[in-house]
Amino acid sequence: MLNPEARPWNWRLVASLKCNLNIPLTLQPDAQFGCPIPIDDTVELRPVRWSPWTHLPLCVNATADPAAKYCVFTNSRHGVGGISLITTPQVAADSVGILNEPVLSNVRLTNNTENDSSDVPYEMIDMPGKGKGIVAKRRISKHETFMVDYASMLVDVNFPFLVKREHGYPLLHSAADQLSDPQRVYALGKSDALARDVIENVLRTNAFQSNFASVPHIVLYPLVSRINHACRPNAFQRFVPRSLAATVAAARTIEPGEEITISYIGGGKTFVDRQAGLKRWGFKCSCDLCSAPGNEVSASDTRRLKIQSNHEKVVKAYENRDAATAVKLTHDILDLMREEDLFLLYAEQYENLARIYWASGNRENAQKYAKMSMAELEKLGFTESESEQLQLILEES
């Protein structure tokens, strides 16, 4: 039975507060009503004391700084299959608000056994030379959001460097084992020859890097990781940092039986740069763009290099207050991007045009392109991606 004197956290209140956690515990208010207090493996052995985490934190000291700790913080009920963080007590306390976010409702597929759901518009199959892959079961419309996934593991990027391997591996395994569905992690592909541990291999092969509580972490999305790469993909992923969800939407209409692909690397890179960037995943890309005839690959590279060159010229023209040149070059960039189908980068160029016109005093065109940028982001589902500069421009309309 719970201690009748123990009161539950008001997480919505906590999420609205700006907490300074760098103060002595003796000066902090009662944790039940104040801000989340950093905890580690010395916390009192009662679940109410390590709530909202569902397991007692397991910690190790950093090698270079014995006073610094990294701990596993697990909530086995968050998202789909639970979530485990390997991070500092400070970051865990700063980020408990993620557990208060509602779970996105959408069709989704666990890693191994639920391909038979009639509601799921895709299925996972074995693909020769690629391991697993995701294919469409029905027609998926352009811009349709058809997949939702949640992060299963987050690991501070400094953890592998500041903790000895023999101390770090038990934390990695605890992080996976404490999930309600550990197979979401263990079943993933493993292709990193340098890894000495199965979970390390999974993370090296599948994880993305992102900021979490303003600290760089690697983040593992088990289902999104099952989607193979293409340099000109037919789908794209969107991340929701506040809840650690990821959604996938169609970049164009995807036909039944067609493999679903996303890009693992930033857009606009040349063939050589793409292949170099993909080495970390242990494969050489043979997608339609990379395996095209040499003259087509060369023409694509020429356009992409021209985009890079024009971007540098736009910056210089902007700095020199040469709005006319900056506008022309930005429109040239947009034309080249359309030829290359770099659709995820259009909104940024519209925003650049808005900034250029705003700086030159042309409020009408500034607002026009600010609205175009916002419309492009909304069309793609990036509803929270607008910049402060865009908001400022639009508020003047």
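The present account deals with the structure reproduced in this document. (Residues numbered from 1 in each chain as written. Predicted model: local features only at pLDDT ≥ 70, side-chain atom pairs only at ≥ 80, totals over all residues. Heavy atoms only, no water.)

Let's shift gears to the overall build of the chain. In terms of helices and strands, the chain carries 13 helices and 13 strands. When the 397 residues of the chain are sorted by exposure, 47% land in the buried category. Across the chain, the fraction of contacts at a sequence separation of at least 24, relative to all contacts at a separation of at least 6, is 59%. When the accessible surface of the chain is summed, it comes to about 20,000 Å², and 52% of that surface belongs to carbon and sulfur atoms. (Helix = DSSP H or I, 4+ residues; strand = E, 2+ residues; numbered from the N terminus. Buried < 20%, exposed > 50% of the residue type's maximum accessible area, 1.4 Å probe, protein only. Contact = heavy atoms within 4.5 Å. Areas by Shrake-Rupley, 256 points an atom, 1.4 Å probe, with all protein chains shown as cover.)

Attention shifts here to the layout of surface pockets. A volume near 850 Å³ is recorded for the largest pocket. What lines the largest pocket is a set of 36 residues, and nearest its centre among them are Lys130, Asn228, His229, Tyr264 and Phe283. Elements with a contribution of two residues or more to the lining of the largest pocket: strand 5 (131-136), helix 7 (198-206), strand 10 (228-229) and strand 13 (261-262). Looking at the lining of the largest pocket residue by residue, the classes come out as 13 nonpolar, 13 polar and ten charged. (1 Å grid on protein atoms, 1.4 Å probe; cavity = no way out; pocket = protein on both sides within 12 Å on 5 of 7 lines; lining within 4 Å. Points joined across faces, edges and corners; volume = space filled by probe spheres on them. Nonpolar A, V, L, I, M, F, W, Y, C, P; charged D, E, K, R; others polar.)

As a further point, take the sheet that holds strand 12 (residues 245-250). Judged by pairing direction, the sheet is antiparallel, and its three strands sit side by side in the order 6-12-11 without closing on themselves. Of all the strands in the sheet, the pair left with one neighbour each is strand 6 (145-150) and strand 11 (235-240). Put simply, the sheet's adjacent strands are angled 20 degrees from each other on average, direction ignored. Inspection of the sheet shows strand 6 paired to strand 12 by five bridges, in the antiparallel sense. (Pairing = 2+ DSSP bridges. Axes fitted to C-alpha atoms, helices over the stretch in contact; angles between N-to-C directions.)

Attention now moves to the side chain of Asn206. By secondary structure assignment, the location of Asn206 is in helix 7. A distance of 2.8 Å separates a polar atom in the side chain of Asn206 from the backbone oxygen of Val202. (Polar contact = N/O pair within 3.5 Å; in protein donor to acceptor, adjacent residues only side chain to side chain.)

Direction of pairing for strand 8 (residues 208-212) relative to strand 9 (residues 215-220): antiparallel, over a ladder of five bridges. What sits directly across from Ser210, in strand 9, is His217. With antiparallel pairing between neighbouring strands as the criterion, strand 8 and strand 9 make up a hairpin whose turn holds two residues, including Ala213 at a positive phi of roughly 55 degrees.

To continue, consider the state of the cysteines. Scanning the model with the defined rule gives one disulfide in all. Each disulfide pairs two cysteine sulfurs, and for Cys59 the partner residue is Cys71, the sulfurs being separated by 2.0 Å. Every disulfide takes its handedness from the sign of the S-S torsion; for Cys59 and Cys71 that torsion is 105 degrees, giving right-handed. Taken together, the residues span a long stretch of sequence, with Cys59 in strand 1 (residues 58-61) and Cys71 in strand 2 (residues 69-75) at a distance of twelve residues. For the pair shown, Cys59 and Cys71 are each scored as buried. Between Cys231, a free cysteine, and Cys290, which holds the nearest cysteine sulfur, the sulfur-to-sulfur gap is 3.5 Å. Cys231 sits in the buried class, given a relative accessible area of 10%. Here Cys285 is not cross-linked by a disulfide; its sulfur's nearest cysteine counterpart is in Cys287, at 3.5 Å. Residue class for Cys285 comes out buried when judged on its relative accessible area of 5%. (Disulfide = S-S within 2.5 Å.)

What follows deals with the side chain of Ser76. Residue position: Ser76 is located in the loop between strand 2 and strand 3 (83-87). For Ser76, a relative accessible area of 16% puts it in the buried group. Those residues within four positions of Ser76 in sequence are excluded, and the remaining contacts are Thr54, His55, Gly81, Gly82, Gln178 and Ser180.

Glancing now at unusual backbone geometry. Cis peptide bonds are those with omega within 30 degrees of zero, and the linkage from Ser51 to Pro52 qualifies with 15 degrees. Within the fold, Pro52 resides in the loop between helix 2 (47-50) and strand 1. Despite not being glycine, Arg321 has its phi angle at roughly 60 degrees, a positive value. Tracing the chain through its elements places Arg321 in the loop between helix 9 (294-319) and helix 10 (323-340). Classification of Arg321 by relative accessible area gives exposed; the value is 78%. One non-glycine residue, Asp341, adopts positive backbone phi at about 60 degrees. In this fold, Asp341 is placed in the loop between helix 10 and helix 11 (346-359). Given a relative accessible area of 38%, Asp341 falls into the partly exposed group.

Let us look at the nonpolar core. Counting 49 residues, the largest nonpolar core has Trp53, Phe146 and Ile260 as the members making the most contacts within it. Sorting the residues of this core by element identifies strand 2, strand 3, helix 3 (89-94), strand 4 (122-127), strand 5, strand 6, strand 8 and strand 12 as the ones contributing at least two each. Not counting chain neighbours up to four residues away, the residues in contact with Trp53 comprise Ile39, Phe73, Thr74, Asn75, Leu85, Ala92, Val96 and Leu99. (Core = buried A, V, L, I, M, F, W, Y, C linked by side-chain atoms within 4.5 Å.)

Everything listed here is a matter of geometry and, on its own, says nothing about what the molecule does.
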